[in-house]
Amino acid sequence: MEQDSGKDFEFSRRDALKLAATGLLATLPVTPAVAETKPETHAQHNQTSAKPAKQNAPKTTYTFLNRQEAAFIEAAVARLIPADEKWGGAIEAGVPNYIDKQLGGSWGAGERLYRSGPWQKGTPTQGYQLPFTPAELFRTALKALAKQMKKPLNKMTPEEQDSFLKSLEKGGTDLDGVPAEVFFSSLLQLTMEGFFSDPVYGGNYNKISWRMIGFPGAYGSYYDLVDKHGIKIDREPLSLAEDAMGKIHTHPNIPSSLKHGQGGR
Amino acid sequence: MATRLKPVDVVTVGVGMTGAILGKEMAALGLKVVGLERGPQLDTVPDFQSPNMHDELRFAVRKALMQDNTKEAVTARNNSDQTALPIRRWDSFLPGTGTGGAMVHWNGQTYRFQVADFIYKTHIEKRYGKKFLDPDLQIQDWGVTYDELEPHYDRFEYLCGTSGKAGNIKGKIQAGGNPFEGWRSREYPTPPMKEHYAGALFRKAVTNLGYHPFPQPSSNLSQPYTNPEGLSMQTCSFCGFCERFGCEHYAKSSPQTIILPAALKMSNYELRTGCQVLRINLDKDKKKATGVTYVDAAGREFEQPADLVLLTAFSLNNVRMLLLSGIGKPYDPKTGEGVVGRNYAYQTMNSAQIFYDESVNINPFMASGSSGTLIDDLSGDNFDHGPLKFIGGAYVGAINTNGRPIEYRPTPPGTPKWGADWKKAVVRHYNHTVNLNGHGGSTASRQNYLDLDPTYKDAWGLPLLRITFDFPDNDIRMARYIGDQMKKIGEEMGGKQVAVQAREKSWNTTVYQTTHNTGGAVMGTDPKTSAVNRYLQSWDVSNLFVVGASAFPQNSCYNPTGTVGALTYWAAEALKRYVKSPGAMG
Amino acid sequence: MERYFLYFTTVILFSLSARAAEPDVKAGEQIALKGTSAGATACIACHGTRTEENKSAAFPRLVNQSQFYLAAQLKDYATGARNNAIMNPIAKALTDQEKENVAAYYANISFPTPKGKKPAAAVLKRGETLAKVGDEKIQVQACNNCHGPGGIGMPPAIPPLAGQHAEYLQAQLVAWKQGQRKNSLDLMAPIAQRLSEKDMQALAAYFSQVQVK
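About the cut-offs
Residues numbered from 1 in each chain as written. Chains lettered and ligands numbered in written order. Predicted model: local features only at pLDDT ≥ 70, side-chain atom pairs only at ≥ 80, totals over all residues. Helix = DSSP H or I, 4+ residues; strand = E, 2+ residues; numbered from the N terminus. Buried ≥ 20, exposed ≤ 12 C-beta atoms within 10 Å, placed from the backbone. Rg over C-alpha atoms; globule rule 2.2 N^0.38 Å. Contact = placed C-beta atoms within 7 Å. Nonpolar A, V, L, I, M, F, W, Y, C, P; charged D, E, K, R; others polar. Axes fitted to C-alpha atoms, helices over the stretch in contact; angles between N-to-C directions. Parallel < 35°, antiparallel > 145°, perpendicular 65-115°, else oblique. Left-handed = near helix turned anticlockwise from the far one by under 90°. Pairing = 2+ DSSP bridges. Core = buried A, V, L, I, M, F, W, Y, C linked by C-beta atoms within 7 Å. pLDDT = per-residue confidence, 0-100. Domains from an automatic or database assignment.

I'd like to hear about the overall build of chain A, residue by residue, with values.
Secondary structure assignment for chain A yields 10 helices and 2 strands. When burial is assessed residue by residue, chain A has 42% of its 265 residues classed as buried.

Before we move on, can you summarise the overall build of chain B with the specific residues and values?
Helices and strands together make up the secondary structure of chain B, namely 12 helices and 24 strands. Taking 25 Å as the expected radius of gyration for a compact globule of 586 residues, we find that chain B reaches 23 Å, a close match to that expectation. Its C-alpha atoms give chain B principal-axis dimensions of roughly 70 × 55 × 50 Å. Of the contacts formed within chain B by residues at least 6 apart in sequence, a portion of 75% connects residues at least 24 apart.

Before we move on, could you go through the interface of chain B and chain A and cite the residues and values that matter?
The interface of chain B with chain A comprises 73 residues on the first partner and 59 residues on the second. Elements that contribute at least two residues to the side of chain B that touches chain A include exactly α3 (56-61), β5 (85-86), α6 (197-208), β11 (269-273), α10 (420-429) and β20 (449-457) of chain B. Across the side of chain B that touches chain A, the residue classes break down as 32 nonpolar, 25 polar and 16 charged.

Outline the packing of helix α1 (residues 17-27) of chain B against helix α12 (residues 561-580) of chain B, listing residues and values.
Residue and element names in this part refer to chain B. At a closest axis distance of 10 Å, the pairing of α1 and α12 adopts a crossing angle of 25°. It follows that α1 is roughly parallel to α12 by the angle criterion. Relative to α12, α1 is oriented so that their crossing is right-handed. The residues of α12 that touch α1, namely those facing Met17, Thr18, Ile21, Leu22, Glu25 and Met26, are Val564, Gly565, Thr568, Ala572 and Leu575. Counted by class, the contact of α1 with α12 contains 7 nonpolar, 3 polar and 1 charged residues.

An account of the pairing of strand β14 (residues 301-311) of chain B is needed here, citing residue identities and associated values.
Residues and elements named next belong to chain B. Pairing analysis gives 2 bridges linking strand β1 (residues 3-4) to β14, with the strands arranged parallel. Each bridged residue has a counterpart across the sheet, and for Arg4 the counterpart in β14 is Glu303. Note: strand β2 (residues 8-13) against β14, 5 bridges, orientation parallel. If you follow Val13 over to β14, its bridge partner there is Leu311. Here strand β13 (residues 289-295) pairs with β14 via 5 bridges, running antiparallel. The residue of β14 that forms the bridge with Thr293 is Glu303. As consecutive antiparallel partners, β13 and β14 are separated by 5 residues, and within that stretch Gly299 has a phi angle of approximately 85°, a positive value. Bridge analysis of β14 against strand β24 (residues 544-546) gives 3 bridges, and the strand direction is parallel. Pairing of Val309 across the sheet is with Leu544, part of β24.

Account for the nonpolar core, with residues named and values stated.
Val309(B), Leu311(B), Val396(B), Leu536(B), Val546(B) and Ala551(B) are the most contacted members of the largest nonpolar core, which totals 269 residues. In this structure Leu311(B) touches Val13(B), Asn318(B), Met321(B), Leu544(B), Phe545(B), Val546(B) and Val547(B), once residues within four positions along its chain are discounted. Core analysis: the next-biggest nonpolar cluster, separate from the first, contains 28 residues, Ala131(C), Ala166(C), Ala189(C) and Tyr206(C) among them.

Pulling in residues and values, what's your account of the confidence of the model for chain A?
Residue and element names in this part refer to chain A. When pLDDT is averaged along chain A, the result is 84; 77% of the residues meet or exceed 70. Scored below 50 in pLDDT, residues 1-50 shows 79 contacts in the model against residues more than four places distant or in partner chains. Segment residues 261-265 is flagged for pLDDT under 50; beyond a separation of four residues in sequence, or across chains, it makes 17 contacts in the model.

Pulling in residues and values, what's your account of the environment of Leu464(B)?
Residue and element names in this part refer to chain B. Assignment of secondary structure puts Leu464 in strand β21 (residues 463-468). C-beta crowding within 10 Å serves as the criterion here: with 23 such atoms nearby, Leu464 is assigned to the buried category. As for Leu464 and Val74, which are separated by 390 residues in sequence, their C-alpha atoms are 5.6 Å apart. Beyond its immediate sequence surroundings of up to four residues, Leu464 is in contact with Glu72, Ala73, Val74, Thr75, Pro86, Asp453, Tyr456, Lys457 and Asp458.

Before we move on, can you summarise the sheet that holds strand β19 (residues 433-440) of chain B with the specific residues and values?
Residue and element names in this part refer to chain B. Read from one edge of the open sheet, 6 strands run β8-β17-β18-β19-β16-β22, paired in antiparallel fashion. Each edge of the open sheet carries a strand with a single partner, namely β8 (214-215) and β22 (497-501). With 3 bridges joining them, strand β17 (residues 373-375) and strand β18 (residues 394-398) adopt antiparallel strand pairing. From the neighbouring strand, Thr373 faces β18, where its bridge partner is Ala398. Where helix α11 (residues 473-492) meets the sheet, its contacts fall on β16 (348-355), β18, β19 and β22, and the angle it forms with β16 comes to roughly 20°.

Tell me about the domain arrangement of chain B, and name the residues and values.
Residue and element names in this part refer to chain B. Under the domain assignment used here, chain B contains domain 1 (1-69 + 95-163 + 217-342 + 512-586) and domain 2 (175-215 + 348-440 + 470-506). A separation of 29 Å is found between the C-alpha centroids of domain 1 and domain 2. Listed as interface residues are 47 residues of domain 1 and, on the opposing side, 39 residues of domain 2. Of all the secondary-structure elements, those providing two or more residues to the side of domain 1 that touches domain 2 are α3, α4 (120-128) and α5 (146-160). At 5 residues, the largest contribution of residues to the side of domain 1 that touches domain 2 is made by α5. Of the residues belonging to the side of domain 1 that touches domain 2, the class tally is 20 nonpolar, 17 polar and 10 charged.

Summarise the pairing of β11(B); cite the residues concerned and give the values.
All names here are of chain B. Within β11, 4 of the 5 residues are buried, which leaves it mostly tucked inside the rest of the structure. The pairing of strand β3 (residues 33-37) with β11 spans 5 bridges and is classified as parallel. Note on β11: the bridge partner recorded for Val33 is Tyr269.

Any details on the confidence of the model for chain B? Residues and values, ideally.
Here chain B averages 98 in pLDDT, while 100% of its residues score no lower than 70. Interface confidence for the predicted complex, expressed as ipTM, amounts to 0.96; the pTM equals 0.93.

Give me the environment of Pro216(A): which residues, what numbers.
Residue placement: Pro216(A) occurs in the segment after α10 (208-213). For Pro216(A), a count of 24 C-beta atoms within 10 Å gives the class buried. Taking C-alpha positions, Pro216(A) is 11 Å from Lys232(A), a pair spaced 16 residues apart along the chain. In contact with Pro216(A), not counting residues within four places along its chain, are Ile233(A), Arg235(A), Pro237(A), Leu238(A) and Phe365(B).

So, the packing of helix α9 (residues 166-178) of chain C against helix α11 (residues 197-208) of chain C: which residues are in play, and what are the values?
Residues and elements named next belong to chain C. For the pair α9 and α11, interaxial distance at closest approach is 8 Å and the crossing angle is 140°. Considering the angle they form, α9 stands oblique to α11. In the packing of α9 onto α11, the handedness of the crossing is right-handed. Packed against α9, whose contacting residues are Ala166, Leu169, Gln170, Leu173 and Val174, the element α11 presents Met200, Gln201, Leu203, Ala204, Ala205, Phe207 and Ser208 at the interface. When its residues are assigned to classes, the contact of α9 with α11 shows 9 nonpolar, 3 polar and no charged.

Explain helix α6 (residues 96-106) of chain C to me, using residue names and the numbers behind them.
Residue and element names in this part refer to chain C. The element α6 is largely enclosed, with a buried count of 9 among its 11 residues. Here α6 has its buried residues at Glu98, Lys99, Glu100, Asn101, Val102, Ala103, Ala104, Tyr105 and Tyr106. Phi for Asn108, located one or two positions after α6, is positive at around 70°.

Here you go:
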């Protein structure tokens, strides 16, 4: 059979003519007008990742936080990142789940923290100088707050909650050794992580934050697009933990180190 | 009790960039070389593969590729009146670990210092007079000139395959390049990277203002390339996960992609990982190194005798190793005497944001670590400092490298840090903001130095390194000036709002500001003000060379890696002469 | 299949320079069914339609592709950056707007991966390893870095490999290795050059059977 040079797949003019001769073309159905194609084809064709995700995180199965602590965390993060008319917030994203798993895992136990004493209060530029691991910090602070607060956070109105959180943020009070502002900034940091990190860690449910801002996620390769200035990238964001079917396999306790072949040759 | 091993010719303390290059150079001479690396061996496959590598939380926030700070940290204070406390989590700077060191997770930004940088003291005093400098400043000449280093810059750039556009070839200014750069002997090995939208907006504005934009020199390559070691690299995909991450594509120049395989091929080169060096051992006269003592991953102590010790452990670790080993006189800021720890410097970073209309899609996540556009008009001594009353400057550019949302969520000043308004602002501005950086130099001063901490120890029981550092007033005045120029550039860029953050005192260990720690074992021609001579050979111990940014007498505005690479090859040539005829090289 | 409609919809807005107007899917359908008066053959001869694909392994499946990528291939066929005796004259006969229109017609359609003969386990394993991990010995990174989980693609610029005919995938790698396919050269040629024929077969076999729902 004639082979044309420079082909990128096995096909030739002869094949095309043969195909035409079989009359198969005549049997292929004439595509109806676009508007009549299958409804789901057309409707979903218009759906972009920019539309609000309808799925919300399921209820958290807590393994670290007790009921009282969880109630506080849920109430707090709901104010730190509230839901609005367009996008869900921390609760819908599963941030309490993220926080629970982080505090209960190796990060909470003190991974990546230099833990030797003595401990001294430093200047603001010297950073965190307390002996508490994140788990200890949260447990201590939440216990102290439970004692100090006349009304639990989840029983307050949203305005009261915001006011309370702002006072924590301002700081100046002591939570059994944890300065209020240190607790608040740790809580805010974990909340932001839980909202924006890869869903593999149990937060950012259904990649809600990535859809919200237009961040394409863990798969990134833009050689052909970087010089298309101003192009709108609107594809479904991708988690590092999702498979070809779109299922996300969470794995909250990924270590904060990268080891391979340690110990020498 | 340490097990004494069979002697070797050369041992390198650390197998990062400097250790890998020198390890290969020494092994190529037929010498028996051992590279001791505290961290693990890391390879592009499987260790740097995405999607697992593209995990912002793990690598950018939790610092998975960095030195294990649970075992060994650094203490810090802003001045000698304070008590230094441990940096308990890496933030301000991020030392590397493992084979390749910090060159695994760097951004690939590859610069040369300027001609005047190497004779900085002479140059400044000549132009502005001795009285121009603030009394606390302690700038020095390097003992080596740009012209002497040029062939080694060239060699390093061709090792990396750096992508860029020459601005000055043998004195002839080239269109499209940096007209302020020192002369180079030939073009870059690969062409410049594609320009992203932010870079294009910046280019237009600075051109209007009369500045000279050029593409950022990038060791994340613009096209496939095979280097003189026979190692091949691929094309950067602009994935937006560059600094703090390893490169999945063999596109970022890291020792494992550009040089280490060449060393590992040689039977006389041996890599040992998981080996923490405790000290360099000296003979009883303390004039010769006899080798090093190290502890392996299982806690077993070994003595590795060697004829030649190359201290290639990163600037901070180099200085600490000298202090722990009792090599050289430690610097005393009160008397000004001593050299080990002297002239520690850093980087003076400034930033600005230009907020655009919602219709302008900047797409910050489409970026390489080094595909920006910048100007050199405001750096070094490229402008007249006489009326301004400070020295030094900054390169300014649209050099943003990523859009990773845990850490990158620009909002205008006054935006709350949480709540409904915060959320709306993040959505409004995330994809419609350009970031500028003013990457400023760091002038050495009498009060900034390194020594051993009196209180805090590492897991092996040894004192941590102590950093005493704050920005000299000179550098704060420089930062303010740079900030003002950045504001003008931002306004010319045509957004809706410009915000500028010029560096202010004091140095804050909790805010990332580059891992460009320099000095502490500076090079020079006078043993009273330098720890190593112009070949990076220790004045005190002639069979010890200390290679890294520890050699910088002060830091210019540019990222150090290019200059460290040039110094490494410069030292390699000296070492070739040394092994033929050992002794002090003056 | 559902998720592909969500996944692959891409709205492209070029804000700065003058570009082709919004694609006309209906006009694209006409080109697909009837060809053009300038001599472009009807696409359905080989590529089926949006509702019924041509299952022959002689032609690549146009499934889960983006308009951006399809239009770019047509442009490259027109210039010769991609060489194929059938596609070159067809692409040359299309105007730029027609390329966008017919690309928009074929974009985003999805059909399930055909269940062909399963490759040998060892071949599948090798393909899967190269796809997900790579091979340091031959300096090849994982295909999925760019082509997405399971090779489902990364729109708009990076095409899916999942479910594509193995023969076609292998032929592309060969074409890059031998220098016949010149588009995406800086990205694909170094990889293709490092792959042996066996590895190409393994990759092609692996991706051809990845189910995408």
